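Each chain, written out:
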Amino acid sequence: MARLALALYVNLGVRKSDVVRIGPRDVHNGVLTDFTPQKTSRSTGMKINVPLMQETRDIIAATPLTGTETYLVTSFGKPFTANGFGNKMREWCDQAGLPECSSHGLRKLCLTRLADYEGPDGRVLDVRDLQAISGHKDLRELQVYIENADRKRRAKRAIAQLEEAQKTRAR
């Protein structure tokens with residue numbers, strides 16, 4: 001169950017209030033389909049459609065106990081409340097020796113990984129790509145991840161160019 005929770009967080013970038021609501025009824029043909037993030041839905045009704053990574057599908061299939069309504073369930077087979085799940089997640093993180101780990105931190109990890117992604121063709125994801133997965137209404141919140149990733153890429157390119165220039169001068 002802990003591994004499934006981790007996979008849902010880092011591969012979908014959902015909030016604690018949403019991770020406890022995701023279940024079999026929300027996934028069709030390997031896609032989290034027309035899922036309305038709780039926080040966003042109050043004002044926009046935005047729905048997200050996010051393909052599940054194969055890793056996540058495999059973990060769902062390998063999890064011995066999931067609910068019929070939600071994947072994450074208590075030891076009694078009942079859906080977690082958001083607060084109850086937060087306590088359970090804290091327990092799992094502490095047991096794993098990760099006291100600094102949190103539900104929100106795992107969401108941020110997903111968004112950071114998405115922003116840092118650079119394909120073999122040099123394509124990077126933009127703020128709307130991240131929004132399509134995270135369900136953020138305010139794009140300014142996501143822009144922080146994009147700007148941090150862009151600074152890392154620029155620094156990497158700058159150092160590579162500097163090293164190339166030094167090699168050329170040495171010849």
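About the thresholds
- Residues numbered from 1 in each chain as written.
- Predicted model: local features only at pLDDT ≥ 70, side-chain atom pairs only at ≥ 80, totals over all residues.
- Heavy atoms only, no water.
- Pairing = 2+ DSSP bridges.
- Helix = DSSP H or I, 4+ residues; strand = E, 2+ residues; numbered from the N terminus.
- Expected span 1.5 Å × (residues − 1).
- Buried < 20%, exposed > 50% of the residue type's maximum accessible area, 1.4 Å probe, protein only.
- Contact = heavy atoms within 4.5 Å.
- Salt bridge = Lys/Arg side-chain N within 4 Å of Asp/Glu carboxyl O.

### Considerations on the sheet that holds strand E3 (residues 48-51)
Then step 1. Taking strand neighbours across the sheet as the criterion, the three strands line up as E1-E2-E3 in an open arrangement whose pairing is antiparallel. Lying at the two open borders of the sheet, with one neighbouring strand each, are strand E1 (27-28) and E3.
Then step 2. Here strand E2 (residues 31-35) runs beside E3; their pairing, made up of three bridges, is antiparallel. Looking across to E3, one finds that Val-31 is bridged to Pro-51.

### Here's the deal with the pairing of E2
Then step 1. Pairing of E1 with E2, which is carried by two bridges, proceeds in the antiparallel orientation. By the bridge assignment, Val-27 is partnered in E2 with Leu-32.
Then step 2. The hairpin turn running from E1 into E2, its antiparallel successor, is two residues long, and Asn-29 in that turn takes a positive phi close to 50°.

### Overview of helix H8 (residues 139-170)
Then step 1. Compared with the 46 Å implied by 1.5 Å per residue over 32 residues, the 46 Å span of H8 between its first and last C-alpha is a close match.
Then step 2. Restricting attention to buried positions, one finds in H8 the residues Leu-142, Tyr-145, Ile-146, Ala-149 and Arg-153.
Then step 3. In this structure, the buried side of H8 is in contact with helix H6 (103-116) and helix H7 (127-134).

### Some points on the pattern of salt bridges
A side chain with one charge can pair with a side chain of the opposite charge if their charged atoms come near.
Then step 1. Considering all chains together, one arrives at eight salt bridges under this definition.
Then step 2. Close ionic contact of Asp-18 with Arg-21 constitutes a salt bridge, the shortest N to O distance being 2.6 Å.
Then step 3. In this structure, the salt-bridge partner of Lys-152 is Asp-116, at a minimum N-O distance of 2.9 Å. Of the two residues, Lys-152 is situated in helix H8 and Asp-116 in helix H6; the sequence distance between them amounts to 36 residues.
Then step 4. We classify Lys-152 as partly exposed; its relative accessible area is 45%.
Then step 5. Overall, the relative accessible area of 31% leaves Asp-116 in the partly exposed class.

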